[in-house]
Amino acid sequence: MKSRVFTRLLRRSGIFSAVFGMAALPLRAADPAAVLPDESVAYLEIDSAALHKLESHPVVKAVPFDELKKIIYKLIGAAPDHDEQTKKLLSEGTGIPYEELLKKTGRFAMSLHDLKIPANPGPDNVGGEISIAQEFDADETFGDKYFRALAKLIGQELGRKSNSGGEQIQKHLAKVAELLERSTVEHAGAKIHVFKLKETDETKRVPAFVREWAYAVHDKMILASSGLDQVKEMIDRMKSGGDAGSLAASAYYKLDHEKTGKAAVVGSLNLEIILELVEKHALPHADTGDLDAEKLWTGLGADKLKSAAFALSAGAETLDLAGFLTYSEKPGLLAMLAIPGSGTAPSFFPKGLAQASYQQIDINKTFENFEKLAGEIYPAAGPALTKGLEAVKEQTGVDLRKEIISQLGPDLWIVSSAVKDSENAEKGSGQFPSFTGLVLGGALYGVRLKDSKTAAAALKKMIDKATHGQGVFEKQEFEGFTINRMKNLPAEIRAGYVITDAWLILNLNDQPALEQLLSRLAKKADDGFFARQDVAPHLAAMRDGQVVTSVTDIGNTLKGLCILFGSIVDKEGPPDAKAIPFDRLVKLLDVPLISVDKGWIDAKHAEYRLRIAPKGK
């Protein structure tokens, strides 16, 4: 049984809910991760009971899934009552009401494991296995009904798509069915269903690890794998009542779960195994005359990485996502960053922004670390960089390292103002604002200056030399600040810079945010974006962000993307793409949600956490 049968069924689309059920079992079976084999290369865990609760979660309820689903069904040619048809078919096929069917499936775990790649890899000698374990409150007889109902449902889906390639897919599936040998095997009181590819000229080049699949419904669990032996092993482990040799007992799994804790969804990649294979098989062929691939590999720190994991969990009002990168020691690419601290949320940001972020980084020290790392990886890089800096000084009279780089930081920030509804999009005309303005515009970038006079003089000198003194900037005075705006740009594009006593601010087509921000700087306002009632509590609930802290208006960002894509399709897209109602999506996706995220780097792991919460009125 292919794992995709389990991953394609989403509660709100009908099929997916029949498998994951989103409900806890009346009686818990063994932990699926304690059943799966060890030596995992990647795994995924889903706690259905926890996901079920999300259906009424404030964040989920803020997204208009029903309306979005109607648009999707219309685009793919599905009937408006597709969900009802799906529920009816599954109920008739299993003989129980759909709501009862949902309660029969529970926790799910899937693992890719025992990956083996020989020195000369080919389809006939590459090895690897996929195993699945899922709680299932039913016996063998009901399991048979269940899988037949799923097969019928999938067949109907393919039939619906027959006008768009589905017929060809069905022919391929029918051909595959002809090439399969089906049998059953009894093992430790369980019946195992086996599907094995026949030996023919057509199948001889099919990789060994997908030539045989097997599954069993046993002791409130569905067990499936890309081989009969793996299913037998899982049954034996269930019988023993222990977890020896399982995914759950592995150091790799435990390391991840020290970071993720209890979560509704956890996924992970075993980078130690994956990158070891890359190092063994790919690096020997990657060397060039100029670059030592092994030095690049170890210099960046790929040999130190252990795992990359993600997790999804929920609070009473928030959805929380987290990402983790673990390593034996800090990789060179991360060690290069000189991070003095968390930084302080700027108080002068306007409250109505769509996005704002801040961080601290010692730019001069980071530049020095980069020079050192580049020289270790590629010895010619150091002299080349030094020569480049000398050339800049010779041509412009500016010591780039002393007069620019060493004057920057450590505080940095980025902000962008809210996307405004276009008049045409509001009227549903399908016409959107200037594509050029949308693509090129939308943010302010700020960096603290240690000596603003030195930096301003050096920057002016460099610009004058580069433009041969032709003055590409015009000056605009605004509340005591001088805005340097680039000349000869289209009317909808505003680009330039401002130097204050403390900041270098670059404007990339966000003039409204620039003027609001400068006005607040002039008035020394201290009740800005990060002090908003729907932002401050979430910042306070998370520990200080050592790398980057940011807040984003999710609805406004999604609306902006729809306006952007609508503009592209309106002017340059293919005819069939114009069927997508971007003007309607602009309104539907303007959901009242914000995200707060922070990042950290320490000696043993890097961490990223994102919290999605309702947006305040």
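Residues numbered from 1 in each chain as written. Predicted model: local features only at pLDDT ≥ 70, side-chain atom pairs only at ≥ 80, totals over all residues. Heavy atoms only, no water.

A. Highlighting the overall build of the protein. Within the protein, the regular secondary structure consists of 25 helices and 20 strands. A total of 617 residues make up the protein; the buried ones form 46% of that total. Taking contacts inside the protein between residues at least 6 apart in sequence as the whole, the part at least 24 apart equals 70%. Summed over all atoms, the accessible surface of the protein reaches about 31000 Å², with 56% contributed by carbon and sulfur. (Helix = DSSP H or I, 4+ residues; strand = E, 2+ residues; numbered from the N terminus. Buried < 20%, exposed > 50% of the residue type's maximum accessible area, 1.4 Å probe, protein only. Contact = heavy atoms within 4.5 Å. Areas by Shrake-Rupley, 256 points an atom, 1.4 Å probe, with all protein chains shown as cover.)

B. Quick peek at a negative patch on the surface. On the surface, a cluster of negative charge is made up of Glu 276, Glu 279, Asp 292 and Glu 294. Glu 276 gets classed as exposed once you look at its relative accessible area, which sits at 53%. (Patch = residues over 30% accessible without salt bridge, like charges linked within 9 Å, V, L, I, M, F, W, Y side chains within 5 Å. Salt bridge = Lys/Arg side-chain N within 4 Å of Asp/Glu carboxyl O. Lys, Arg positive; Asp, Glu negative; His and termini not counted. Charge placed at Lys NZ, Arg CZ, Asp CG, Glu CD.)

C. Summary view of the packing of helix H17 (residues 381-396) against helix H21 (residues 452-466). Following both chains from N to C, one finds H17 and H21 inclined at 75°, their axes separated by 9 Å at the closest point. The orientation of H17 with respect to H21, classified from their angle, is roughly perpendicular. Contacts between H17 and H21 involve Val 392, Gln 395 and Thr 396 from the first element and Lys 461, Met 462 and Lys 465 from the second. Residues belonging to the contact of H17 with H21 are distributed by class as follows: two nonpolar, two polar and two charged. (Axes fitted to C-alpha atoms, helices over the stretch in contact; angles between N-to-C directions. Parallel < 35°, antiparallel > 145°, perpendicular 65-115°, else oblique. Nonpolar A, V, L, I, M, F, W, Y, C, P; charged D, E, K, R; others polar.)

D. Fine view of H21. The first and last C-alpha atoms of H21 sit 21 Å apart over 15 residues, in line with the 21 Å expected at 1.5 Å per residue. Taken as a whole, H21 has its buried residues at Ser 452, Ala 455, Ala 458 and Ile 463. Projected onto a plane normal to the axis of H21, the buried residues spread over an arc of 135° and lie on a single side. Elements that come into contact with the buried residues of H21 comprise helix H18 (400-404), strand E13 (443-449), strand E14 (473-478) and strand E16 (495-499). Structurally, the start of H21 carries an N-cap: the backbone nitrogen of Lys 453 is 3.2 Å from a side-chain oxygen of Asp 451. Residue His 468 follows H21 closely and has a positive phi angle near 55°. (Expected span 1.5 Å × (residues − 1). Arc of directions from axis to C-beta. Polar contact = N/O pair within 3.5 Å; in protein donor to acceptor, adjacent residues only side chain to side chain.)

E. Structural context of H17. For H17, built from 16 residues, the straight-helix expectation of 22 Å at 1.5 Å per residue is met to within 8% by its first-to-last C-alpha distance of 22 Å. One or two steps after H17, the chain reaches Gly 397, where phi turns positive at roughly 80°.

F. Representation of the side chain of Arg 532 within the structure. With respect to the helices and strands, the residue Arg 532 is situated in the loop between helix H22 (511-523) and helix H23 (536-541). Classification of Arg 532 by relative accessible area gives buried; the value is 14%. Among the polar contacts made by the side chain of Arg 532, one reaches the main-chain carbonyl oxygen of Lys 351 at a distance of 2.9 Å. Among residues more than four places away in sequence, those in contact with Arg 532 are Lys 351, Leu 353, Pro 537, Ile 594 and Lys 615.

G. Representation of the packing of aromatic side chains. Applying the stated criterion across every chain yields a total of 16 aromatic pairs. Residues Phe 348 and Phe 349 carry aromatic rings whose centres are separated by 5.3 Å and whose planes lie at 90° to one another, so their mutual orientation is edge-to-face. With respect to burial, Phe 348 and Phe 349 carry one shared label: buried. Through pairs of rings, three or more aromatic residues link up here, namely Phe 348, Phe 349, Tyr 358, Trp 413, Trp 503, Phe 529 and Phe 530. A cation over a ring is seen here: Lys 104 above Phe 142, with NZ or CZ 5.1 Å from the ring centre. Sitting above the plane of the Trp 600 ring, Arg 543 keeps its charged end 4.0 Å from the centroid. (Phe/Tyr/Trp six-rings, centres within 6.5 Å; stacked < 30°, edge-to-face > 60°. Lys NZ or Arg CZ within 6 Å of the ring centre and 35° of its normal.)

H. Quick look at the pairing of strand E20 (residues 605-614). Burial analysis of E20 places seven of its 10 residues in the buried class, which makes it a mostly covered element. Pairing between strand E10 (residues 319-327) and E20: eight bridges, direction antiparallel. Paired with Phe 324 across the bridge in E20 is Glu 607. Two elements, strand E19 (residues 593-601) and E20, share nine bridges in a ladder whose sense is antiparallel. Residue pairing across strands places Lys 598 opposite Arg 609, the latter belonging to E20. Between the end of E19 and the start of E20, which pair antiparallel, lie three residues. (Pairing = 2+ DSSP bridges.)

I. Region of the structure containing a nonpolar patch on the surface. A cluster of nonpolar side chains, Leu 291, Leu 296, Leu 300, Leu 333 and Tyr 378, forms an exposed patch at the surface whose accessible area comes to about 370 Å². Relative to the assigned elements, Leu 291 resides in the loop between helix H13 (271-281) and helix H14 (293-300). Judged by relative accessible area, Leu 291 falls into the partly exposed class, the value being 32%.

J. Structural detail: unusual backbone geometry. Going from Gly 409 to Pro 410, the amide bond is cis rather than trans, its omega being 10°. By secondary structure assignment, the location of Pro 410 is in strand E12 (residues 408-417). Look at Glu 479: it is not a glycine, yet its phi comes out positive at around 50°. Its place among the elements puts Glu 479 in the loop between E14 and strand E15 (481-486). Its relative accessible area of 41% is what places Glu 479 among the partly exposed residues.

K. Region of interest: the packing of helix H16 (residues 363-377) against H17. Orientation of H16 relative to H17, taken along the N-to-C sense of each, is 135°, at an axis distance of 7 Å. Classed by the angle they form, the pair H16 and H17 counts as oblique. Contacts between H16 and H17 involve Phe 367, Phe 370, Glu 371, Ala 374 and Gly 375 from the first element and Ala 381, Gly 382, Leu 385 and Leu 389 from the second. Among the residues making up the contact of H16 with H17, the classes are represented as six nonpolar, two polar and one charged.

L. Up close: the confidence of the model for the protein. Looking at the protein as a whole, the pLDDT averages 85, with 87% of positions reaching at least 70. Per-residue pLDDT stays below 50 along residues 1-27; that stretch engages in 102 contacts with residues further than four places along the chain or on separate chains. Contacts from residues 423-441, a stretch scored under 50 in pLDDT, to residues over four places away or in other chains number 49 contacts. (pLDDT = per-residue confidence, 0-100.)

M. Structural context of the environment of Lys 559. With respect to the helices, strands and loops of the structure, Lys 559 is situated in helix H24 (residues 554-572). Counting along the chain gives 31 residues from Lys 559 to Asp 590, while the straight-line C-alpha distance between them is 5.4 Å.

N. A look at the side chain of Ser 550. By secondary structure assignment, the location of Ser 550 is in strand E18 (residues 549-553). A distance of 2.6 Å separates a polar atom in the side chain of Ser 550 from a polar atom in the side chain of Asp 597. Excluding anything up to four places from it in sequence, Ser 550 contacts Gln 355, Ala 356, Ser 357, Ser 595, Val 596 and Asp 597.

O. Region of interest: the pairing of strand E5 (residues 190-197). Taken together, the eight bridges between strand E4 (residues 180-187) and E5 define a ladder with antiparallel strand orientation. Bridge pairing links Ser 183 to Val 194 in E5. Following E4, the chain reverses through two residues before pairing antiparallel with E5; Ala 188 in that reversal takes a positive phi of roughly 50°.

P. Region of interest: the pattern of salt bridges. Following the criterion strictly, the structure yields 25 salt bridges and no others. Among the ionic pairs, Lys 306 bridges to Glu 272, the shortest N-O distance being 3.4 Å. On the criterion of sequence distance, the pair formed by Lys 306 in strand E9 (residues 305-314) and Glu 272 in helix H13 is long-range, its members being 34 residues apart. The salt bridge involving Lys 460 is made with Asp 464; its shortest N-O contact spans 2.9 Å. In this pair, Lys 460 and Asp 464 are both assigned in helix H21, four residues apart and thus about one turn of the helix distant. Bridged by salt links that share partners, the residues Asp 66, Lys 69 and Asp 83 form one connected network.

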